[in-house]
Amino acid sequence: MSLEDTEGCDSEESNKHPSADMDYKYEDLHSRPSITPDSEIPEDLLSLFHSFGYDCGRKGNLQLLDDRTLIFIAGNLLVLLDVSTKEQRYIRSCSGGGIGAIMAHPSKEYFAVAEKGNQPNIIVYEYPSLQPCRILRGGTERAYTCVDFSRDGSLLASVGSAPDYMLTVWDWMQEKITLNCKATSQEVYRVSFSPYNPELLTTSGYEHIKFWRMVNTFTGLKLQGLMGHFGKTQATDIEGFVELPDGKMVSGSDWGNLLLWDGNAIEVEICCKGGQNCHAGMVQPFSLENGELMTFGSDGAVRVWNVESIDTADNDHNSNRLEIEPINETLLGHNVCLSSVVKSSLPYSCLWFAQDSSGAIWKLDLSFSNTAPDPECLFSFHAGSIQGLDVSCKSHLMATTTLDCSVKVFDFLARRELSSIRFSQGGTAVIWAPLSVNQSGGLLVTGYEDGLVRLLELYDPQRLHVDTGPSPEGEAKLRLKQAFKPHNAPVTAVAYDRNGEILATGSSDSTVFFFTVGEKYNPIGFIYVPGPVQALEWSPHSHHESRLLILCQSGHVVEVGSPDSEASRPTKTFLMPDLPSRSFRFRSIKSRIKREEEIARRQAMKEKKREREERPKESKQLDAEQEKEDELPANYIPDTPSPIYCGFYSQPGQFWLSMGGFDSGFLYHCKFSENQDQDPEQRQDEPFDFRPVHNTEDDPIRSVSFSSNRQLMFCGMQSGSIRVYPLQPGDQHLTSMQAFWALSVHDNQYGHVRHIRCGYDDHFVLTAGEDGNIFSFSLLKPEELQKSPQRRAKVPLPRVGLENEESAQDIENPAACSLETNKQNRLRQEAEQRKAAKRKKLAELRKKYEEVLRVNQGLPEQFRLKPQELELTPFFREQAERMRAQQERQIRKQLAWEEERSKIALSKMQDLIGQQVKRLSRAAEKAEKARAEMEKRQQEWDQLYAELSNMNHEDPQDVQAILEVKENLGDLKLKSEFAVPKHLRMNAERKEAELIDLEQNIHRKKTEMNGWIVALRDSKVRLVSQLRAQAQEVQKVQQHLAAHLHRPLPALPTILPEETPEKKLQYNKVILERYRILKEQRSRTLGQEERDGATSVLEQLEKEMEGEGERGEEVAPSLSASSTTIEEDTAVEEEAELTELEEQLRKEDEIRLLYKQDSLLEQMDDWVLQFDAELMLLRHNKVRLDCELAQAELHQLTLWQELQIHKEFQTREDSLQEELNRCMEGENSITSKLGECNEQLELKQRDIAQLQERKTTLIAAFQASLGKTNKFKEFLTQVFKKKIKRINKEETENEEEEEDCDEYSNEYIDEDDEDEDALDSVCPEGCQQELFEHTLQLREHRLDLEELLAKEKKSAKALKFQCDSLTQKQGSVKSKRKAAEDNVELVYREKQQKINDLDVVVTLRLSQIEYVTNGSLPSDLSSALLVDRAELKRLQERVKQLQVEVCKEKDLYYEAHREYNKLVKEHKDLDAKHQELEHGKQVMRKSGMQMELEALQQTERRVEELKQKRRRQEIAHAKDTKQWKAKEEEARDALMLKIRRNTELLRMQKSLLEEKQKLDHEIDAKLKKTSARTRDCRRQENQKQIRRLQELVKKQAQQAEDLRRQIYLLTRKGAHVPIPSGEGWIPIALDQMLPGFVPPSPAHVQLPLLQERRPPAKVQLPPVRGRMPPHQVRLPPAQVRLPSIQDQIPPGQVQMLSVQDQMVPGQSQTLSVQGTAVVVLDQSSKEQVKTGS
């Protein structure tokens, strides 16, 4: 490298580091608290203590500065997080408006912080000093969204947000804008420089990607953008992309696939196999590492893709998609969403840090090796807006909850998280129970978005008294105590009353629920409020009554009294309508306040004008005009009330409100009106006082909190800042609210401070914002805080007996019903049950009424009641008719317009349909014709395909015939060659199970029949009793009838004793007494001779009981008959004494009684007939069951016989099956081994193919290095292809030394071989030394490849041998398995044969037997055949079909025979014609050739066409030749120019040599003029140096000789030249030689072997005296360029490089060497100098 190049490099290095002239200090730049002027508020009132949050939803919010320091944005802070110690350092925003984006410099020495605000800046900080070094101004108007450094770090790109979306390229070192233009009109998510071309940039964002290029135009350097076109692909947001080495771009999409961009268009969409998406969701960050593309998705997956497969992707024109599979992948979890990743700065590191949008920072090892550790979650935070925050009343504990379904508890004194618990739904509110509720301070109440409220206990698990088991982990634990659901919408507020007796919960469903506080929280009731609940505030202890202030988002405020928990409540609902309440609806007064302020201002101006009466007239006229132009602001009241953000009590009935929207900028003092009769929705209440809040027109107060003594009021603002107002004690009217202390903390755009709390001891203030950040501030000074003895918060102790309690039951279903809904559902169910009971009763009444109507209809017409008489009252009917008519009229009125519209639409639709029908009919005709043509064409194609015949084609007719044969083949199990499938084979176990099933079925059938018989017997008993009762009724009727009108009673059935056998076991006291008497009588008569008389006594007792029953049955009819006769007699006697009226009445009674007698007797007959029918049916079923049972018993016998046969063969089958299983296992193992071996063999074959390709590439590289006109091509080819014996690299050093000695002793055995080796080992004259060395290196590579190839082939051969042996084993094992299967099949066939020999009984009817002889059934049916009737019918039909088929086959045969005869005749004719042609050919050979005229003409035309083609080609070739000649002339001219230039250079070299000679003469002359004394001293010193150097030269000459010998020996084996390290070698640095020393020539400079690529080593050459012959290149006197050394030398090798340039004597030269090299300085001398520099 020359001196100028070195200086240029130094200047470039200086540009990369900022100069010290721009001196910035962080203390002078960062934002500070704003304090009201002239106030005594100290600047350090609050000091930042710790940050507990992480804005994980921000894009690209994670960067890495070194291997242990991460940086991310937290509101107005930049947090530097130490990964190992978890310590935090902070950098505040300089503008106070927030931070938009961050980016680390590629060198990790700087990082850029792009801020937000009005005209924000980009500040570049140094690391690790954390001092600002550059400030970039004027890049955008409002905020920066993304920044990026170029690959070399010299440029910085930034993109602004709305409204300008400005893309700016900075020369950040100089604080200058290089280029800028508007990026787009949509939001931009990312900007990035190209890693391969610094002039290219890419931006992406909302549904766009844009490609930028820096181009030089006639007006200067410009940015040109090219918008990406999605084409057929759906437009998508693009958050991540990466550029490939060839300029293509890969980006993500919303649906998870990758998009490959070529230019500004999508070349292909990349997805997984089967059309599955690459990721489930957005693909955000990308990384290109070592030829592999890594994608990080929002599904928590990291996948690695082959870049080459993606880069060379070619789309499918049909789908525009490419399906590939990832190489590697890992899944972090299902709730992980990766949005940003950074790689560790350590070299060769595979560690990555990932930003999880679900609230975590991960540490990933993406080496995908077997030893890689699992992904590690370093830090976990809340994800999203902080919905709830509260502090403990007893310790430095803080509880938070968000919509990420987690509740966390922090020790903000120790800056750590203590415990966390997750549920199925997100949290929306949290409160810490006061000490009056829980003395330990460990109870939390949390509300959730599904309306659920949970009570959580916090305790120290180490203090639990657990008898057994390991001690619990952690310092704190949260446990569910109770869960209930009072609301159907998110819970927005939770509050305890001042006494801790009642808990109130508010929700966005406009309800407030109250609960009693105790060991278990019980519901009291709820009330409705006018709008969604924003906050709940109980009155303080200073108020007389306990009341609840409810703030609604709709602008309403409601105050209710504390409900009485002991009062009785309605049981139907939890609603408390009688709870006393007062309401307030805010009415805006802001416009009136502004108007009054403007009037007061103008009045003050008028007073000032009166004092300035002597002012010039012009100024007065100007003021008058201005006064006329300005108008007073009008009174404006918004239609929709402004939302209420927060509020608090001041006095009983009075409260302060902070409003949003139009009414922001004031605190309003309000009170409830005395008149509360008006509807709350129609009220218009105005505040009676207000307090203006400075600079809050667009920044209202979102949350308010007070210190314990209420002397500090903390306000959380919408802009993310906090304010502290000092107050006077007891100042309820906020008159002292003047001065304030303010600081921007959270994000200024979306970091609204929703919660601000003060610690229990007023030492800390905690804030939570919608940006997900949580900050703690200290009210103490740092030194006071350090003196505090307490370093951590106290965790509450567990309750007594907590370890024995079971965990409370949680409500996990989000759709679960609320308390009110559950109660209403219960009431609804009870009401439905009552309705069902009423309906049932009405149905019974309706049934009775229908029965009355039926009976009335059956009466004679003169006795029937009219419908009017059946009506109890006509009022109900008339009312129902009126209601029906009214409803009908109302419905008709409602549907009148719809009816008319429908009629008109119907008429229009009919006309339209008529027209459509006509068009459709014509279209249908055309379609039918087209379809017919298509079907015809399809049939033709089908027929054509059917006629095709190839190896895979099957004739449809043959297929159909095979199907018919299979259908008609019959039962295959009866065929001897049929093999039963394994799943259908029967064994002893299955047969036994079948037999058991049959027995159970028989038992079930018998049990069912017995049940039917018993049921019929019971119906008979009921029938007998009914008939007797009916007979008594008939007798009663007949008592009032004449004897001749009596109809005989039917015979009553009796119940026989055998019909009720169970009654034999029934007894009573009378039977027992009778049994005792009979037994005593029996014992007296027979005495002690017979002891077995108990049986006869029982029989006698049974006979007596039967006799009594028969006598009773006989007596009853007789009695009835006698009574009947008595009645007849009395009736006859009385008949004579009746009057005419009595006679008419008697006749009417007689008719009625006759009807009743007939109906009763008919009913008895019907009952008897019905029973008889049931009895006949039961008999029929009994007979059929007897047949089935007989068949089942016969089948059971057959099954038992089959079971015995199965048991007989079971032992043989089991042994053969075991043998078959062993064979199958052996076959499977051999098959798996064979598969593995084949896979290994394929891999080896691939490796061999790769090695062969590498060898081919090596040979091609060698041929390319030779060129076409190298005269040493044959020699170098011989050297390259020479086969030499190589040293085994695995030998030890001792073996190498012994082998070297042996070779050295035998080196002169064969001089011819040595000469031949020497010829190949020494570069011939005229050949380039570099080319020769390169050939030797390629030969070494070739030999290495051949050795590897031999090893791979050897291993492949071994694998092949192993595969062959396994294949042989597999064949033998298959044969054994086949033999075992055959044995099993043989045994099974033998068993089946025995089973088939069993006799099976079949029951047939006579009608089923058609085997008759001479009209009678033969006695022997052994020769008969049993066939199914349907099968017989099918066979008969098949016979007819076969007859038809035989006729067809005969016809086909005759036709084929005729065709055969025709073909035979044609064959004979063709043979005769062939013989004639052969004879003609022989004649033509002898006498001449015959040719057709047409063929000759065609040949001539073909010849002419070829001639024309040849002429056209000659013309084209002539043009090409002319072009090539022109190119040759141009090349010759260029060569001549180069020759002339070289000649001029030689001339210049000659002139320089002449000048050099003159200068040498002048130097010699000057040296002669020096004094003799000086010459003597110098001569003595030179002689000493010469003697010393001569000794050194001798030693080095000896070393050179040793080196030549070793080189000679080693070149015979093709190894590298080792560095000699023995004695006699003295390393001397060339730059340490004495001035004036003339080095021997050639001088060798040997550098150490390099094992890797290193930066160029600088070698200082000594001054050169003497002259070197001119050679080719002439350089300036003060410079030496060594072109052969400037090239990079491969590591670990030695090369000889010659310096053939002119060197100026007496000057030091600079030489840059890469690798190990020997530099020849002079060709005339044979001495060598060894150096180790």
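Refer to the structure above for everything that follows.
Residues numbered from 1 in each chain as written. Predicted model: local features only at pLDDT ≥ 70, side-chain atom pairs only at ≥ 80, totals over all residues. Heavy atoms only, no water.

A.B. asks: How should I be thinking about the packing of aromatic side chains in this particular structure?
C.D. replies: How two aromatic rings sit relative to each other is given by the distance of their centres and the angle of their planes. Under the definition given, this model contains 30 aromatic pairs. Between Phe1262 and Phe1280, the aromatic rings sit 4.2 Å apart at their centres with planes inclined by 10 degrees, giving stacked as the arrangement. With a gap of 18 residues between them, Phe1262 in helix 15 (residues 1140-1266) and Phe1280 in helix 16 (residues 1273-1281) connect regions that are remote in the sequence. For the pair Phe1262 and Phe1280, a shared accessibility class is recorded, and that class is buried. A network of ring pairs unites the aromatic residues Phe484, Phe513, Phe515, Phe526, Tyr528 and Phe574 as a single cluster. Here Arg415 stacks its cationic end above the ring of Phe49, 3.9 Å away from the centre of that ring. (Phe/Tyr/Trp six-rings, centres within 6.5 Å; stacked < 30°, edge-to-face > 60°. Helix = DSSP H or I, 4+ residues; strand = E, 2+ residues; numbered from the N terminus. Buried < 20%, exposed > 50% of the residue type's maximum accessible area, 1.4 Å probe, protein only. Lys NZ or Arg CZ within 6 Å of the ring centre and 35° of its normal.)

A.B. asks: Would you take a moment to explain the pairing of strand 58 (residues 774-778) for this structure?
C.D. replies: The side chains of a regular strand alternate between both faces of the sheet. By the criterion of burial, strand 58 is predominantly enclosed, with five of the five residues buried. Side chains of strand 58 alternate between two faces, with Ile774, Ser776 and Ser778 and Phe775 and Phe777 buried alike. As judged from the four bridges shared by strand 2 (residues 47-51) and strand 58, these two strands associate in the antiparallel manner. Across the sheet, residue Ser51 finds its bridge partner in strand 58, namely Phe775. Looking at chain direction, strand 57 (residues 764-769) and strand 58 are connected through five bridges and run antiparallel. Bridge pairing in strand 58 places Val765 opposite Phe777. (Pairing = 2+ DSSP bridges.)

A.B. asks: Help me understand the sheet that holds strand 28 (residues 338-343), please; the structure alone is not making it clear to me.
C.D. replies: Sheet strands line up and pair through hydrogen bonds in the backbone, either parallel or antiparallel. One open sheet accounts for four strands, arranged 28-29-30-31; its pairing is antiparallel. Both edges of this open sheet fall to strand 28 and strand 31 (376-380), since each of them pairs with a single strand only. For this sheet, the mean inter-axis angle between neighbouring strands, taken without regard to orientation, is 25 degrees. Where strand 28 and strand 29 (residues 351-356) come together, five bridges link them in antiparallel fashion. What sits directly across from Val341, in strand 29, is Ala354. (Axes fitted to C-alpha atoms, helices over the stretch in contact; angles between N-to-C directions.)

A.B. asks: Looking at this structure, I do not really get a positive patch on the surface. What am I missing?
C.D. replies: Judged by side-chain charge, Lys918, Arg919, Arg922, Lys926 and Lys929 come together as a positively charged surface patch. Classification of Arg922 as partly exposed rests on a relative accessible area of 49%. (Patch = residues over 30% accessible without salt bridge, like charges linked within 9 Å, V, L, I, M, F, W, Y side chains within 5 Å. Areas by Shrake-Rupley, 256 points an atom, 1.4 Å probe, with all protein chains shown as cover. Salt bridge = Lys/Arg side-chain N within 4 Å of Asp/Glu carboxyl O. Lys, Arg positive; Asp, Glu negative; His and termini not counted. Charge placed at Lys NZ, Arg CZ, Asp CG, Glu CD.)

A.B. asks: Hey, could you run me through unusual backbone geometry in this one?
C.D. replies: Most peptide bonds take the trans form, and the phi angle of most residues other than glycine is negative. Here the bond from Tyr127 into Pro128 is cis, since omega is 15 degrees, no more than 30 degrees from zero. Residue position: Pro128 is located in the loop between strand 9 (122-126) and strand 10 (132-136). Cis peptide bonds are those with omega within 30 degrees of zero, and the linkage from Ala162 to Pro163 qualifies with 10 degrees. Structurally, the position occupied by Pro163 is in the loop between strand 12 (156-160) and strand 13 (166-171). Of note in the backbone geometry, Gln119 takes a positive phi value of approximately 50 degrees without being a glycine.

A.B. asks: Help me out: how do you make sense of a nonpolar patch on the surface in this one?
C.D. replies: Among the surface-exposed residues, Leu1406, Tyr1411, Val1412, Leu1417 and Leu1421 lie close enough to one another that they form a single nonpolar patch of about 470 Å² accessible area. By secondary structure assignment, the location of Val1412 is in the loop between helix 19 (1329-1396) and helix 20 (1429-1487). According to the relative accessible area criterion, Val1412 is partly exposed, its value standing at 48%.

A.B. asks: Mind showing me how you'd approach the sheet that holds strand 16 (residues 200-205) here?
C.D. replies: Here four strands make up an open sheet; going across it, the order is 15-16-17-18 and the pairing antiparallel. In the strand order of this sheet, the two ends are held by strand 15 (188-193) and strand 18 (220-227), each with one partner. Neighbour-to-neighbour, the strand axes of the sheet open up by a mean angle of 20 degrees, direction not taken into account. In this sheet, strand 16 lies alongside strand 15 in antiparallel orientation, the contact comprising five bridges. Across the sheet, residue Val188 finds its bridge partner in strand 16, namely Gly205.

A.B. asks: Help me understand the pattern of salt bridges in this model?
C.D. replies: If charged atoms from side chains of opposite charge come close, those side chains can pair. In total, this model carries 75 salt bridges according to the counting rule given. Its salt-bridge partner being Asp311, residue Lys248 comes within 3.8 Å of it at the nearest N-O pair. Here Lys248, found in the loop between strand 19 (241-243) and strand 20 (249-251), pairs with Asp311, found in helix 3 (residues 307-311); they are 63 residues apart in sequence, far enough to count as distant. Accessibility classification places Lys248 together with Asp311 in one group, the buried group. Among the salt bridges present, the one from Glu935 reaches Arg931, with a minimum N-O distance of 2.3 Å. Residue Glu935 and its partner Arg931 are located together in helix 10 (residues 896-947), separated by four residues, close to a single helical turn.

A.B. asks: Is there a simple way to explain a negative patch on the surface in this structure?
C.D. replies: Side chains of Asp1451, Glu1455, Glu1459, Glu1466, Asp1469 and Asp1471 sit close together on the surface and give a patch of like negative charge. Note that Asp1471 resides in helix 20. When its relative accessible area of 35% is taken as the criterion, Asp1471 is described as partly exposed.

A.B. asks: Teacher, can you tell me more about the nonpolar core here?
C.D. replies: Generally speaking, a soluble globular protein has its nonpolar side chains buried in company with each other. Core analysis: the biggest nonpolar cluster contains 36 residues, and Leu46, Phe353, Ile361, Phe714, Ile722, Trp741 and Phe777 have the highest contact counts within it. Broken down by secondary-structure element, the contributors of at least two residues to this core are strand 4 (69-74), strand 5 (77-82), strand 31, strand 53 (712-717), strand 54 (721-726), strand 55 (741-744), strand 56 (753-758) and strand 58. The contacts of Trp741, once residues within four sequence positions are left out, are Pro33, Ser34, Ile35, Ile41, Pro42, Glu43, Leu45, Leu46, Ile722, Arg723 and Val724. Leu1234, Cys1237, Phe1332 and Leu1336 belong to the second-largest nonpolar core, a separate cluster that totals 25 residues. (Core = buried A, V, L, I, M, F, W, Y, C linked by side-chain atoms within 4.5 Å. Contact = heavy atoms within 4.5 Å.)

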